[in-house]
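Chain by chain, the residues:
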2 protein chains.
Amino acid sequence: MSPADRSLTRIVGVADLAAILTEVGLDTFLDQLIGRLATAFAAHDAETVETEIRRGFTYGKPAFGLVEWMPAHEVGRVVAIKTVGYHPDNPVQHGLASVLATTSVYETETGRLAAVVEGTVLTALRTGAASAVATDVLARTGDCLLGIVGAGAQAVTQAHAISRIRPVTRILAVDRDPEVAASLPHRLAFLDIPVEVVDPGELPDVLAEVDVLCTCTSVGIGEGPVVEDGPHRPWLHVNAVGSDFPGKVELPEALLARSIVCPDVLEQCIVEGEAQRLRVEDLGPDLAGLVRHRDRYEAWRSRPTVFDSTGWSLEDLVASELVLEHADRLGLGVLCDLQVRSDDPYDPYRLLR
Amino acid sequence: MSPADRSLTRIVGVADLAAILTEVGLDTFLDQLIGRLATAFAAHDAETVETEIRRGFTYGKPAFGLVEWMPAHEVGRVVAIKTVGYHPDNPVQHGLASVLATTSVYETETGRLAAVVEGTVLTALRTGAASAVATDVLARTGDCLLGIVGAGAQAVTQAHAISRIRPVTRILAVDRDPEVAASLPHRLAFLDIPVEVVDPGELPDVLAEVDVLCTCTSVGIGEGPVVEDGPHRPWLHVNAVGSDFPGKVELPEALLARSIVCPDVLEQCIVEGEAQRLRVEDLGPDLAGLVRHRDRYEAWRSRPTVFDSTGWSLEDLVASELVLEHADRLGLGVLCDLQVRSDDPYDPYRLLR
């Protein structure tokens, strides 16, 4: 970026993100993101990266939904704030994704808004990548039969990301909406992995068979769990992605009780994750601890484990920085004169003269 | 906005804001903002507008600064989140305003980001307008001698806004930086009101003479107050604008103790406003209560009063909505394809096909 542009805000929208993903390649981008996240998790300490737990407004009017903010601060460099809306009726009512997000990146040298980055696709990507990082530590190595419960947008990046760190041989997918379930094989065609759509009634068989399970539903508050307890592989690893609100859970308590449950962010998970039904002292290490000391946990690969993924603002900071590096390199993004700069910073009306 | 544009994000940057202020006229715009704020304050209840107190990251590296977020939710319509950076070294080090802000506006029907609005000039305008609303309730009517302590960007909008609700006959201005002080008369020339720059040593005389005082300094944490206690008019009204952080205060405790102190947002002021040194039970009504029951407080116009202005997220919501109405009417703003929409909301990779 030239010095003259340094006071402008870079808007990296849908077309720019598409250009970046096309140029870099979706597999390579996801691999980079998985690698960056693993590094950031392992290196994380609160002195160098401060993160706030998610807060937001939840409402029932005009429809059920919420808008939340997820701030992270890389000390000496940037603040990244992702804002995310969750409106489960969006796909059916408005042809929009249920999760809509953008990340704003502020330089802490001046506080100026350096960039605004599309966050919807990036949220799906980073959520998949975080599951891949946890799965890589906790799941058995070797061929992987993958189960997916909830065949929406998150299912695509969960399956893609898991396939980058384990040889996924087959995918079994369940959704309560038959149309959504039926379309998943087409959306996952690029993976070249057989995808079998399974009737919700056969979910116990899926649980019994798979090595890794990703639950990524829009289950309603108080309507979970979406999986009944039952027999499963002794080494079952679950990435529980859909639980992100008080009362919104996907897994049966008995399964949680016999698994090692690792929260992404402890304070957040005990409020809105699967861990909201567990005692803190019964939880495993958090994501940062898990990755930092991954050697310690190798034995857990033969035991049932759960990654309680509520979403960490650090993930959004890392994802947006990766996008911005590519945008810089490729000269992508629209530069907007969004914030006043002036030869007289003491005169707010200077812009009129 | 046409239906096809409804999934785009409207970016209202510096040039657009300048065009709006030019077309509407600065006086008229400020009058509209003062009117809208007064209405919003009087009508405010937590059922229809939820506001969060300001939170943020504060840091000492690479320089002292902070980035904060101020969310507000107008139930059934929008969430507006202003993010604001405060970096007091900006004017001298970077030629940027010390306060840099943008407001993001989300439609709660879908959670989509409907607009991003320049917030630096708007913050100065709404802070001035809020002082005008409080001053209009609490200050003696008739000719007004106005004092300004801190002659930076906020001084311009404080003076302008007060002049819209009282006949300001003269302005006395003080700043510890002689250059900043000396330039204020030029920046206020558009008001056609005599502006006299006063040496900081003569601040007691200013306090003694003025009817209304606006303190709007960048006083350091622990370095206040900026005004020493002393004689003043029995009806002195002070708008204390600079106090917005724990330990950052402008007024002497004795003056606060003998004044009726009205916080803009109680929970925020007791943490970071002038009120941080007072007991809650010693405070006057908050801004909403003050405006709602303005008739009750007419007698206070002959007593010393302080408006403790820390900044309310509701003000930013109202200001950004006013700008967006004008932008809509005038067809201003750049429409950006910032958030993914798709004929398949279940496929995050759709943008690549």
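Residues numbered from 1 in each chain as written. Chains lettered and ligands numbered in written order. Predicted model: local features only at pLDDT ≥ 70, side-chain atom pairs only at ≥ 80, totals over all residues. Heavy atoms only, no water.

Engineer: Teacher, can you tell me more about the overall build of chain A here?
Structural biologist: Counting secondary structure elements, chain A contains 11 helices and 15 strands. Taken against the 2.2 N^0.38 rule, which gives 20 Å for 353 residues, the C-alpha radius of gyration of chain A at 21 Å falls within 12% of a compact globule. Principal-axis analysis of the C-alpha atoms gives chain A an extent of 75 × 40 × 40 Å. The burial tally for chain A puts 63% of its 353 residues in the buried class. (Helix = DSSP H or I, 4+ residues; strand = E, 2+ residues; numbered from the N terminus. Rg over C-alpha atoms; globule rule 2.2 N^0.38 Å. Buried < 20%, exposed > 50% of the residue type's maximum accessible area, 1.4 Å probe, protein only.)

Engineer: Where do I start with the interface of chain B and chain A in this structure?
Structural biologist: Quite often, the size of an interface is put as the accessible area lost when its parts meet. Taken together, the 76 residues of chain B in the interface contact 76 residues of chain A. Carbon and sulfur atoms make up 71% of the surface buried where chain B meets chain A, a total of about 7000 Å² over both sides. Broken down residue by residue, the surface that chain B buries against chain A is led by B:Phe57, B:Tyr346 and B:Tyr349, which jointly contribute 12%. At the surface where chain B touches chain A, the tally comes to 2 salt bridges. (Contact = heavy atoms within 4.5 Å. Buried area = accessible area lost by both parts, 1.4 Å probe. Salt bridge = Lys/Arg side-chain N within 4 Å of Asp/Glu carboxyl O.)

Engineer: Whenever I open this one, the relation of the copies chain B and chain A confuses me. Can you help?
Structural biologist: In summary, the two copies of the chain are related to each other by a rotation about an axis coupled with a shift along it. Taken as rigid bodies, chain B and chain A are interconverted by a rotation of 180 degrees and an axial shift of 0.0 Å, the fit giving an RMSD of 0.0 Å. On this basis, the relationship between the two copies can be described by a two-fold rotation axis. When C-alpha distances to the rotation axis are compared across chain B, the minimum falls at B:Trp69, with a value of 4.5 Å. When the interface residues of chain B are mapped onto chain A, 100% of them are again interface residues, pointing to one common binding face. (Least-squares fit on C-alpha atoms with pLDDT ≥ 70 in both.)

Engineer: Can you help me understand the sheet that holds strand E11 (residues 212–215) of chain B in this one?
Structural biologist: Backbone-to-backbone hydrogen bonds join strands into a sheet, with any given pair of strands oriented parallel or antiparallel. All names here are of chain B. Spatial strand order, E10-E9-E8-E11-E12-E14-E13: 7 strands in an open sheet with parallel pairing. Each end of this open sheet is capped by a strand with a single partner; those strands are strand E10 (195–197) and strand E13 (260–263). On average, each strand axis in the sheet is tilted by 20 degrees relative to the strand beside it, whichever way the strands run. Where E11 and strand E12 (residues 237–240) come together, 4 bridges link them in parallel fashion. The residue bridging cysteine 214 from the neighbouring strand is asparagine 239, located in E12. Running at roughly 165 degrees to strand E8 (residues 144–149), helix H5 (residues 153–165) makes contact with E8, strand E9 (168–174), E11 and E12 of the sheet. Across the face of the sheet, helix H6 (residues 178–187) comes into contact with E8, E9 and E10 while running at roughly 170 degrees to E10. (Pairing = 2+ DSSP bridges. Axes fitted to C-alpha atoms, helices over the stretch in contact; angles between N-to-C directions.)

Engineer: Explain the environment of A:Leu317 to me, please; I cannot follow it from the model alone.
Structural biologist: Residue and element names in this part refer to chain A. Looking at the secondary structure, you find leucine 317 in helix H11 (residues 313–330). For leucine 317, a relative accessible area of 2% corresponds to the buried category. Along the chain, leucine 317 and serine 302 lie 15 residues apart, while their C-alpha atoms are 33 Å from each other.

Engineer: Looking at this structure, I do not really get helix H1 (residues 14–24) of chain A. What am I missing?
Structural biologist: Side chains of residues three or four places apart in an α-helix project in the same direction, reflecting 3.6 residues per turn. Considered for burial, the residues of H1(A) that qualify are A:Val14, A:Asp16, A:Leu17, A:Ala18, A:Ile20, A:Leu21 and A:Val24. After H1(A) finishes, the residue A:Gly25 shows a positive phi value of roughly 95 degrees.

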